[in-house]
Amino acid sequence: TFDFQIFGADGNKKPFIYSRILSKKEKNYLTEIYQRLTDEESSFKGIFPVAEKGFISNTPSIDDGNYTFQINYYSSQKKKQWSFTPFDDYKRVVGDYLGYNNGVVYLEVLKYKSIMSGNPESSLIGLNLETGKIVFDKPTNGKFKFYPSTISVINGQTYLYGEYFKLDDNIIKDHSLGLAFWSIDEKGKVIAEKYNSWATDVAKYLNVSAKGKIDDFGYLYLHNMVQTVGGDIYAIGEGYRKVASAAGIVTKIIGGGEMSVAKFQVTNLALVQFDKEFNLKGIKIYEKNENNLELPNGFEFNSSALLGKYIKYASNGFDYRYVQSNMDNSTFSICYSDYERSKDYKGGTFKSISFNNGKFTEDKINTLSKASTSWVLPGKLGQVLLVDYYKKDKKIEAHFEKLN
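The rules behind these values
Residues numbered from 1 in each chain as written. Predicted model: local features only at pLDDT ≥ 70, side-chain atom pairs only at ≥ 80, totals over all residues. Heavy atoms only, no water. Helix = DSSP H or I, 4+ residues; strand = E, 2+ residues; numbered from the N terminus. Buried < 20%, exposed > 50% of the residue type's maximum accessible area, 1.4 Å probe, protein only. Contact = heavy atoms within 4.5 Å. Areas by Shrake-Rupley, 256 points an atom, 1.4 Å probe, with all protein chains shown as cover. Pairing = 2+ DSSP bridges. Axes fitted to C-alpha atoms, helices over the stretch in contact; angles between N-to-C directions. Core = buried A, V, L, I, M, F, W, Y, C linked by side-chain atoms within 4.5 Å. Phe/Tyr/Trp six-rings, centres within 6.5 Å; stacked < 30°, edge-to-face > 60°. Lys NZ or Arg CZ within 6 Å of the ring centre and 35° of its normal. 1 Å grid on protein atoms, 1.4 Å probe; cavity = no way out; pocket = protein on both sides within 12 Å on 5 of 7 lines; lining within 4 Å. Points joined across faces, edges and corners; volume = space filled by probe spheres on them. Salt bridge = Lys/Arg side-chain N within 4 Å of Asp/Glu carboxyl O.

## Thoughts on the overall build of the protein
- Each helix and strand in the protein was counted, giving three helices and 26 strands.
- The burial tally for the protein puts 49% of its 404 residues in the buried class.
- For the protein, contacts bridging at least 24 residues in sequence account for 47% of all contacts bridging at least 6.
- About 20,600 Å² of surface is accessible on the protein, with carbon and sulfur atoms providing 49% of the total.

Here is the structure:
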């Protein structure tokens, strides 16, 4: 079974305890995944908060090579849960939870007509939060083929964004044309579309190839967006690229088959400025330490757009953490993790880029400690909560730190 217990912000357990029997497909998938894990903390990362209403879990499943997924909702306000599994019209279905707004849960789904198919159909599914029923299921084709990877809510309106392709392109293999933004309502109707190309828009500010690769940065993945009182929109992005994997190459030589000969390298942070119509106004790069992540075998042949979502949803490999803001976004802080190697300090750091009175400032907190594991969590505006777990002593310590 999957057992869920919900706690309030005061630390007290709520009377909502959920238990769900695993399907055969889920058990097959989890058995296969658990065999590859080396620690318990990496076993399950598919739980997402839904405003202050409850939680969404996304559980992939496998049955004789056929893949699908199941979305489950658990309310934190009353004893209520539901499950959603995509229709079985397709042999392979891969889905990601993008976000929630105004009663609708948004999913991005790739549908394969056969197990061997390399050209999936991309669609956007909206589920009613109260019932789990489908509100809409529509292809992500507009003026171009759109591949949404993130959602943000600005002034109550839902915005989807990611990369876009030619209508006859294969989003698994082909390179994207640039960044796309869709404004969409609760019934799935697209209100507005905006496209910024690598070649004509991004190239005004950075050295970027027609395939979307930026010099000394890699490919750009957008995490979140904030609109200020002046109307400008700031998107927080992060770079990634493929490099050779020495471990993967050695594995191939000795006959292993699970690791790719390439690996991810997560690079710098980017702050992308748009006007209220999503016309690009500027891009600033913030340097940070590069992180390396090994790839599963065969992933080196996937498009940059698909690899970006893999880092975000499957490996949790990006350094961006969250945004804190006041009610009107006249002040906000972009928070992310980093690692420093200097004469004075070697270890983890938690950094912030803060916007106040039209100006940006930077701050950092060194997080090196003797704890087994450390986390940095949101506090009230201008503060973060540092949590240290000492496994041997079975002890947790926490304290607040101020940001500049």
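## Considering the sheet that holds strand 11 (residues 145-154)
- If you trace the four strands from one edge of the open sheet to the other, you get 11-12-13-14, paired in antiparallel fashion. The outermost strands of the open sheet, each flanked by one partner alone, are strand 11 and strand 14 (190-197). Strand after strand, the sheet turns through a mean of 25 degrees between neighbouring axes, direction not considered.
- Direction of pairing for strand 11 relative to strand 12 (residues 157-165): antiparallel, over a ladder of nine bridges. Residue pairing in the sheet places Pro148 in a bridge with Gly162 of strand 12.
- Strands in contact with helix 3 (residues 304-314) are strand 11 and strand 12; relative to strand 11, the strand with the most contacts, it is inclined by about 40 degrees.

## A few points about the environment of Lys242
- As for its position among the elements, Lys242 is in strand 16 (residues 233-244).
- Under the relative-accessibility criterion, Lys242 is labelled partly exposed at 31%.
- Residues Lys242 and Leu293 lie 51 residues apart in sequence; the distance between their C-alpha atoms is 9.6 Å.

## Some thoughts on the nonpolar core
- With 22 residues, the main nonpolar core has Phe181, Leu220, Leu222, Met225, Val272, Phe274 and Phe278 as its most contacted residues.
- Elements supplying a minimum of two residues to this core: strand 12, strand 13 (178-184), strand 15 (219-227), strand 16, strand 17 (259-274) and strand 18 (280-286).

## Structural notes on the packing of aromatic side chains
- Scanning all chains against the criterion turns up 26 aromatic pairs.
- Between Tyr221 and Phe318 the ring centres are 5.2 Å apart and the planes differ by 25 degrees, which places this aromatic pair in the stacked class. You can see Tyr221 sitting in strand 15 and its partner Phe318 sitting in the loop between helix 3 and strand 20 (320-325), a full 97 residues away along the chain.
- In this structure Phe318 comes out as buried when scored by relative accessible area, which is 4%.
- Linked through ring pairs, Tyr159, Tyr161, Phe181, Phe274 and Phe278 together constitute an aromatic cluster.
- For Lys79, the ring lying beneath its charged end belongs to Tyr18, and the centroid distance is 5.6 Å.
- Lys395 extends its terminal NZ or CZ atom over the ring of Tyr390, reaching a point 5.0 Å from the ring centre.

## What about the sheet that holds strand 26 (residues 395-402)?
- Sheet architecture is open: three strands sit in the order 24-25-26, paired in antiparallel fashion. At either margin of the open sheet sits one strand with a lone partner, and together these are strand 24 (373-378) and strand 26. Neighbour-to-neighbour, the strand axes of this sheet turn through a mean angle of 20 degrees, independent of strand direction.
- Two elements, strand 25 (residues 383-390) and strand 26, share eight bridges in a ladder whose sense is antiparallel. Across the sheet, the residue bridging to Tyr389 is Ile396, located in strand 26.

## So, empty space enclosed by the protein
- Applying the stated criterion across every chain yields a total of one cavity of 30 Å³ or more.
- Taken as a whole, the largest cavity holds about 80 Å³ of empty space.
- Around the largest cavity, the lining residues are Tyr147, Ser149, Tyr161, Gly162, Glu163, Leu179, Leu220, Tyr221, Leu222, Ala305 and Lys309.
- Residue assignment for the lining of the largest cavity shows that the elements contributing at least two residues are strand 11, strand 12, strand 15 and helix 3.

## Describing unusual backbone geometry
- A positive phi angle, close to 70 degrees, is found at Phe278, a residue other than glycine.
- Within the secondary structure layout, Phe278 lies in the loop between strand 17 and strand 18.
- For Phe278, a relative accessible area of 5% corresponds to the buried category.
- The residue Lys394 is not glycine, and still its phi comes out positive at about 50 degrees.
- You can see Lys394 is positioned in the loop between strand 25 and strand 26.
- Lys394 sits in the exposed class, given a relative accessible area of 75%.

## Some details on helix 3
- Listed as buried for helix 3 are Ser304, Ala305, Leu306, Leu307, Gly308, Lys309 and Ile311.
- Trailing helix 3 by a residue or two, Asn316 shows a phi angle of about 50 degrees, which is positive.

## Quick notes on the pairing of strand 14
- In the sheet, strand 13 pairs with strand 14 via seven bridges, with the strands oriented antiparallel. Residue Leu179 lies in a different strand from strand 14, and its bridge partner there is Asn196.

## A closer look at the pattern of salt bridges
- Applying the stated criterion to the full structure yields 12 salt bridges.
- Lys351 serves as the salt-bridge partner of Glu340, at 3.5 Å between the closest nitrogen and oxygen. Of the two residues, Glu340 is situated in strand 21 (residues 331-341) and Lys351 in strand 22 (residues 346-356); the sequence distance between them amounts to 11 residues. The same class applies to Glu340 and to Lys351, which are both buried.

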